[in-house]
Protein chains: 2
Amino acid sequence: MKHKSNKSSICPVARSLDVIGEWWSLLIVRDAMLGVKRFSEFERRLGMAKNILTSRLKLLVEAGVLQLVPASDGSAYNEYELTQKGKDLLPTMVALRQWGEKYMFGNGDDHSELHDKKQHKPLAPLIVRSADGRKVGVEDLELVSSNATS
Amino acid sequence: MKHKSNKSSICPVARSLDVIGEWWSLLIVRDAMLGVKRFSEFERRLGMAKNILTSRLKLLVEAGVLQLVPASDGSAYNEYELTQKGKDLLPTMVALRQWGEKYMFGNGDDHSELHDKKQHKPLAPLIVRSADGRKVGVEDLELVSSNATS
DNA sequence: CCGTATCCATTCCGATACTG
DNA sequence: CAGTATCGGAATGGATACGG
C-alpha cells in the first residue's frame, strides 16, 4: 500500500483500502475488536516492531478508526479503542475470516474461531442480498457510476 | 504485505490477508467480478505498471483465486477468470465497499455503486448474525482458539 | 510501560524498453 | 496485444537503542 489510490477514485473499495489495506492495519483492528487496547498488548500479540506499530496506530487514529482514550487503570498512558467507524468494520472482518476458514486451512490444521457470546457458536455465514432480500452472486451484479471507471 | 504471516498463524484473517492483503490484489478481483478478463483491460482500468500486474495476476492464479483460460475470441492469449474461491470473495468485497461508501465520501463527491441487475438498486447492507439469526456487534463476540493467539 | 528515533535490508512500484 | 527484463527511487519492516 504505497501509492494510495488517487484521491479522486470514485470506487469505495479503493478508498477503503487506503485506510485498512495494509498488512498490519486490519490485524490491529481485529485485535481491537477483541478488546485489546494497550500498546504493549498489540505488540505482544502481533509480534511486530514497535516503530511500525506506532506508525500504524497513528494512521488508524488519524483515519478515525481508533481513538485515544486515557488509560482506564489510571496510568499515564493511552488506550486505543474502536470508534463507531472502526466497529463498522466488523462485516469486513467476518467476511475475510469466513473466507479464510473455508479456503486457507486443510483438515489438519485448526484455526481460531469467532463465536457469539450467547450461544458460544460460530456466526452465520454472511450472505450478500439484494435490496429486496434475494441472494445475489457475482453474476447478478452491475456497476453504476456517474463516470466510467470502477 | 511484505512478510506474509507466519505460515502457522491460526487466524483465518491473517491467512486471507496473505493472499488478498495487498493493494492491487483486491482491486484486480474487484474488476474480475465485473467481467474483466484481459490483461490489457486490467492494465487500462487500474492504471498500473505491467510488470506488477503480471506479478499480481500470477500470485492470484497460484493462490487459486483466478484461473487461466484460453481466450474466448480465439486469440492466442489468456484470459483470467474467477474461480469459485475467487467468487467467494464477494462478501468481503461488498463489506469493504459498503464501509467505504459510508465513511469515505463527503456529500460532494459521488462514487460508483454496485447494483443488482434485476432491480437496478444497491444491495442490502451486510449484517453479521449469530447462528440463530440474531444481529451481533463487536461486543457480542468471543474468540475461541485451541491455543491462545488470535 | 509507552513510545520515539535511527539504521539497514528488503520489497514494492513506476517507467521504460524489449520480445513474439 | 500480452507479457518479460531491467532500473532506480521510495516506502516498508525489523532490530535495536534511547527517553519520558
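Residues numbered from 1 in each chain as written. Chains lettered and ligands numbered in written order. Predicted model: local features only at pLDDT ≥ 70, side-chain atom pairs only at ≥ 80, totals over all residues. Heavy atoms only, no water.

Draft legend 1. Inspection of the relation of the copies chain B and chain A at higher detail. Structural alignment of chain B on chain A gives an RMSD of 0.0 Å, achieved by rotating through 180° and translating 0.0 Å along the axis. Within this description, the copies of the chain are treated as partners about a two-fold rotation axis. Every residue of chain B has its C-alpha some distance from the rotation axis, and the shortest such distance is that of Thr92(B), at 2.8 Å. When the interface residues of chain B are mapped onto chain A, 100% of them are again interface residues, pointing to one common binding face. (Least-squares fit on C-alpha atoms with pLDDT ≥ 70 in both. Contact = heavy atoms within 4.5 Å.)

Draft legend 2. Local environment of the interface of chain B and chain A. Every contact between the two is made by 83 residues of chain B and, on the other side, 83 residues of chain A. Carbon and sulfur atoms make up 66% of the surface buried where chain B meets chain A, a total of about 7700 Å² over both sides. Area buried by chain B at its contact with chain A is led by Trp23(B), Trp99(B) and Glu142(B), which between them contribute 10% of it. In this structure, the connection of chain B to chain A is made through eight salt bridges. A salt bridge links Arg15(B) to Asp109(A), with the shortest nitrogen-to-oxygen separation between them at 3.2 Å. Here the element with the most residues in the side of chain B that touches chain A is helix H6 (residues 90-103) of chain B; it accounts for 13 residues. Considering only residue class, the side of chain B that touches chain A consists of 39 nonpolar, 18 polar and 26 charged. As defined by bridge partners, strand S3 (residues 113-116) of chain A adjoins strand S5 (residues 141-144) of chain B across four bridges and the pair is classed as antiparallel. (Buried area = accessible area lost by both parts, 1.4 Å probe. Salt bridge = Lys/Arg side-chain N within 4 Å of Asp/Glu carboxyl O. Helix = DSSP H or I, 4+ residues; strand = E, 2+ residues; numbered from the N terminus. Nonpolar A, V, L, I, M, F, W, Y, C, P; charged D, E, K, R; others polar. Pairing = 2+ DSSP bridges.)

Draft legend 3. Structural context of the protein's contact with DNA strand C. Close contacts around DNA strand C come from 19 residues, with Arg38(A), Ser40(A), Thr54(A), Asn51(B) and Arg56(B) the closest. When the atoms of DNA strand C within 4 Å of the protein are sorted by group, sugar and phosphate make up 59%. In the environment of DNA strand C, a phosphate oxygen lies 2.6 Å from a nitrogen or oxygen atom belonging to the side chain of Ser40(A). Within the side chain of Tyr77(B), a nitrogen or oxygen atom sits 3.0 Å from a base nitrogen of DNA strand C. Looking at the surface near DNA strand C, the elements that each hand over two or more residues are helix H3 (39-46), helix H4 (50-62) and strand S2 (78-82) of chain A together with helix H4 (50-62) of chain B. (Near = heavy atom within 4 Å. Polar contact = N/O pair within 3.5 Å; in protein donor to acceptor, adjacent residues only side chain to side chain.)

Draft legend 4. Region of interest: the pairing of strand S3 (residues 113-116) of chain B. Here S3(B) runs beside strand S4 (residues 121-122) of chain B; their pairing, made up of two bridges, is antiparallel. Counterpart to Asp116(B) in the pairing with S4(B) is Lys121(B).

Draft legend 5. Focus on the sheet that holds strand S5 (residues 141-144) of chain A. The antiparallel open sheet is built from three strands, whose spatial order is S5(A)-S3(B)-S4(B). Strands at the two margins of the open sheet, each flanked by one partner only, are S5 of chain A together with S4 of chain B.

Draft legend 6. Highlighting the protein's contact with DNA strand D. Around DNA strand D lies a shell of 19 residues, among which Asn51(A), Arg56(A), Arg38(B), Ser40(B) and Thr54(B) are the nearest. Each atom of DNA strand D within 4 Å of the protein was classed as base or backbone; sugar and phosphate made up 61%. Tyr77(B) places a polar side-chain atom, nitrogen or oxygen, 3.0 Å from a base oxygen of DNA strand D. Counting residues per element, the surface near DNA strand D draws most heavily on H4(B), at four residues. Tallied by class, residues from the surface near DNA strand D come to seven nonpolar, six polar and six charged.

Draft legend 7. Representation of a positive patch on the surface. On the surface, Arg129(A), Lys135(A), Arg129(B) and Lys135(B) cluster together to form a positively charged patch. One can find Arg129(A) in the loop between strand S4 (121-122) and S5. With relative accessibility at 33%, the residue Arg129(A) sits in the partly exposed group. (Patch = residues over 30% accessible without salt bridge, like charges linked within 9 Å, V, L, I, M, F, W, Y side chains within 5 Å. Areas by Shrake-Rupley, 256 points an atom, 1.4 Å probe, with all protein chains shown as cover. Lys, Arg positive; Asp, Glu negative; His and termini not counted. Charge placed at Lys NZ, Arg CZ, Asp CG, Glu CD. Buried < 20%, exposed > 50% of the residue type's maximum accessible area, 1.4 Å probe, protein only.)

Draft legend 8. Highlighting the packing of aromatic side chains. The final tally for this structure, using the stated rule, is four aromatic pairs over all chains. Plain terms: the ring middles of Trp23(A) and Trp24(A) are 5.9 Å apart, the flat faces sit at 65° to each other, and that makes the pair edge-to-face. Comparing Trp23(A) with Trp24(A) shows no difference in burial state: the two are buried. Look at Trp99(B) and Tyr103(B): their rings are 5.9 Å apart centre to centre, the planes differ by 50°, and that puts the pair in the tilted class. Here Trp99(B) and its partner Tyr103(B) are both found in helix H6, four residues apart, which amounts to about one turn of the helix. Given the relative accessible area of 3%, Trp99(B) is considered buried. Exposure remark for Tyr103(B): the relative accessible area of 24% places this residue in the partly exposed category. (Phe/Tyr/Trp six-rings, centres within 6.5 Å; stacked < 30°, edge-to-face > 60°.)

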